[in-house]
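Fold and contact review
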Amino acid sequence: MKSDLFQAPDYYQVDDLLTDEHKLVRNTAREWVKKNLSPIIEEYAQRAEFPKELINGLAEVGAFGSYIPEEYGGAGLDQISYGLIMQELERGDSGIRSTASVQSSLVMGPIYNYGTEEQRQKYLPKLASGEWMGSFGLTEPNHGSNPGGMETKFKDMGDHYLLNGAKMWISNAPICDVAVVWAKNEEGRIHGLLVERGMEGFSTPETHNKWSLRASITGELIFDNVKVPKENLLPNKSGLGAPLLCLDSARYGIAWGAIGAAMDCYDTALRYAKERTQFGKPIGQFQLQQKKLAEMITEITKAQLLTWRLGVLKNEGRATSAQISMAKRNNVDMALKIAREARQVLGAMGISGEYSIMRHAMNLESVITYEGTHDVHLLITGLDITGLNAFK
């Protein structure tokens, strides 16, 4: 098992903007990643296997529902704490952060915000503890960037709903105990339904042959005349805005998480540049290598400040969907570019599993697409600043 030598960059003393609680939460997650995730992640990624033994530890560091109130099993933390946990998890691996993002923002979030008190009491404590895992069913085979076109539907059968359709590219699907599924009723209105494992006609086949997020477990959600009890409808919000608000929270977590991946690539490249010698001196002494490293830390610093401010706005209830889109788009693009540059600093060693860089680069190729593609987030910003809708 390899040792984790990571040292977090903080060029503008951003830590000074954090409370003692923020730093405690962040450092707890950081130490957990160093001790439990880093030593095993390369092996699991090579095998394309999800490390299920990490689930309990993720729950213990507050990665599941960190901002959910304690009465429902959450940690009752603020949005900056949630972001810092996502940053540290993605510093270890994007797939592990995805597991936590889905559990927190896309499963626990809608149950807490849109569910009944009975639904909160039934599901949230089990999800917070990791006893149950959840998934979020929005993307379909024919509808990705256009979720409003979904074909999954349910009918009112009197004493239950009858659900038919399919979702794909669903994180946690093969291991989920409950899925938050978005489907249209007979009038075409979108609602959320809680579908539990064991319901007849509900299956979750695993997706194989991925070159990205290999340590994340991905699958489909298939509904073949599934009888869903009426008490499993999320009653407090409907329409396309309901799942999109969930995605805001997940995108916010990604904006923080991508910084973690970038930090890990930068730290690896910096250490290598100071240790690797060519032509009689460390390669970090050459101008082009210093240019790469200086640009990396500049972009990381800008992203840190962007997300910190976004976290403040989110804590105050003032962060807009467009602001979250901007941060997600910018930070993932930044991290992917840093991963590619860091790979070059390491030369041939950059593609080796001995280092984390190529794994981060492959993972970020998914992160730049999911929860809204790079281009779609650009158009969200365009719509916000011009008032002109490029989607129509």
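Let me sum up the structure you'll find in this document. (Residues numbered from 1 in each chain as written. Predicted model: local features only at pLDDT ≥ 70, side-chain atom pairs only at ≥ 80, totals over all residues. Heavy atoms only, no water.)

Some remarks on the overall build of the protein
To keep it simple, the criterion reads: Labels follow the DSSP assignment, with helices taken as runs of H or I lasting at least four residues and strands as runs of E lasting at least two, numbered in each case from the N terminus. Here the globule rule reads 2.2 Å times residues to the power 0.38, and the radius of gyration is calculated from C-alpha atoms. For every residue, the accessible area (1.4 Å probe, protein chains only) is compared with the maximum for its type, and the residue is labelled buried under 20%, exposed over 50%, or partly exposed between those bounds. We call two residues in contact when some of their heavy atoms are within 4.5 Å.
Helix and strand counts for the protein come out as 10 helices and 10 strands. For the protein, the C-alpha radius of gyration of 21 Å lies close to 21 Å, the compact-globule estimate for 392 residues. Over its C-alpha atoms, taken along the principal directions, the protein stretches across nearly 80 × 50 × 40 Å. When the 392 residues of the protein are sorted by exposure, 56% land in the buried category. Across the protein, the fraction of contacts at a sequence separation of at least 24, relative to all contacts at a separation of at least 6, is 75%.

Brief notes about the packing of helix α4 (residues 94–114) against helix α5 (residues 117–129)
Which entries qualify depends on this criterion: Interaxial angle, 0 to 180 degrees, is taken between N-to-C directions of lines fitted to C-alpha atoms, where a helix line uses only the stretch in contact. Angles below 35 degrees are treated as roughly parallel, those above 145 as roughly antiparallel, those between 65 and 115 as roughly perpendicular, and all remaining angles as oblique. In this scheme the crossing of two helices becomes right-handed for a clockwise turn of the near helix relative to the far one and left-handed for an anticlockwise turn of less than a right angle. For this classification, the nonpolar set comprises Ala, Val, Leu, Ile, Met, Phe, Trp, Tyr, Cys and Pro, the charged set comprises Asp, Glu, Lys and Arg, and every other residue, Gly included, is treated as polar.
Where α4 contacts α5, the two axes come as close as 9 Å, and the packing angle between them is 160°. As the angle between them shows, α4 and α5 are arranged roughly antiparallel. Viewed along their axes, α4 and α5 form a crossing whose handedness is left-handed. Contacts from Gln103, Val107, Met108, Ile111 and Tyr112 of α4 reach α5 at Gln119, Arg120, Tyr123, Leu124, Leu127 and Ala128. When its residues are assigned to classes, the contact of α4 with α5 shows eight nonpolar, two polar and one charged.

As for the nonpolar core
Heads up, the condition is: The criterion is simple. A nonpolar core is a set of buried Ala, Val, Leu, Ile, Met, Phe, Trp, Tyr and Cys residues joined through side-chain atoms within 4.5 Å.
Phe64, Leu89 and Trp182 are the most contacted members of the largest nonpolar core, which totals 63 residues. Ranked by residue count, the leading element in this core is α4, at eight residues. Within the second largest apolar cluster, 34 residues are counted, among which are Ile259, Ile357, Ala361 and Tyr370.

Thoughts on the packing of aromatic side chains
To keep things clear, this is the line we draw: In this scheme Phe, Tyr and Trp rings, the latter by its six-membered ring, pair at centre separations within 6.5 Å, and the angle between planes marks the pair as stacked below 30 degrees, edge-to-face above 60, and tilted otherwise.
Applying the stated criterion to the full structure yields 11 aromatic pairs. With 6.3 Å between their ring centres and 25° between their planes, Tyr82 and Tyr252 make a pair best called stacked. One end of the pair, Tyr82, is in helix α3 (residues 79–92); the other, Tyr252, is in helix α6 (residues 241–275), and 170 residues separate them in sequence. Assessed through its relative accessible area of 0%, Tyr82 is described here as buried.

Some details on the pattern of salt bridges
Pairs can form between side chains of opposite charge once their charged atoms are near each other. Note the cut-off: By definition, a salt bridge exists where a carboxyl oxygen of Asp or Glu is found within 4 Å of a side-chain nitrogen of Lys or Arg.
Under the defined criterion, the tally for this structure stands at 20 salt bridges. Ionic pairing is found between Glu43 and Arg47, a salt bridge with its closest N-O pair at 2.5 Å. Of the two residues, Glu43 and Arg47 both sit in helix α1 (residues 20–47), four residues apart, roughly one turn of that helix. Overall, the relative accessible area of 47% leaves Glu43 in the partly exposed class. Of the charged contacts in the structure, one is a salt bridge between Lys122 and Glu196, with a shortest N-O distance of 2.9 Å. Linking Lys122 in helix α5 with Glu196 in strand β5 (residues 190–196), this pair joins segments that are 74 residues apart in sequence. What you see here is one network of salt bridges that share partners, running through Asp4, Arg91 and Asp264.

Quick notes on the side chain of Gln289
Note on placement: Gln289 falls in helix α7 (residues 287–315). Setting aside its immediate chain neighbours within four residues, Gln289 contacts Ile283, Gly284 and Val345.

Some points on the side chain of Thr268
Mapped onto the elements of the fold, Thr268 is located in helix α6. Contact partners of Thr268, with chain neighbours within four places excluded, come to Leu346, Tyr355, Ser356 and Ile357.

With respect to α7
Threshold: By this rule, a helix spans an expected 1.5 Å times one less than how many residues it contains.
Here α7 spans 42 Å end to end across 29 residues, near enough to the 42 Å set by a 1.5 Å rise per residue. Looking one or two residues beyond α7, the residue adopting positive phi is Gly317, at roughly 75°.

Observations concerning the packing of α4 against helix α9 (residues 357–367)
Between α4 and α9, the least distance of the axes is 9 Å, while the angle of their chain directions is 35°. Taking contact as the criterion, the partners of Ser94, Gly95 and Arg97 in α4 are, on α9, Asn363, Leu364 and Val367. In the contact of α4 with α9, the residues fall into two nonpolar, three polar and one charged.

Focus on the pairing of strand β3 (residues 160–171)
Worth spelling out the cut-off: In this description, strands pair whenever DSSP reports at least two bridges between them.
Alignment of strand β2 (residues 153–156) against β3, held across four bridges, turns out to be antiparallel. Bridge assignment links Asp156 to a residue of β3, and that residue is Tyr161. As consecutive antiparallel partners, β2 and β3 are separated by three residues, and within that stretch Gly158 has a phi angle of approximately 100°, a positive value. With nine bridges joining them, β3 and strand β7 (residues 218–229) adopt antiparallel strand pairing. Paired with Gly165 across the strands is Phe223, a residue of β7.

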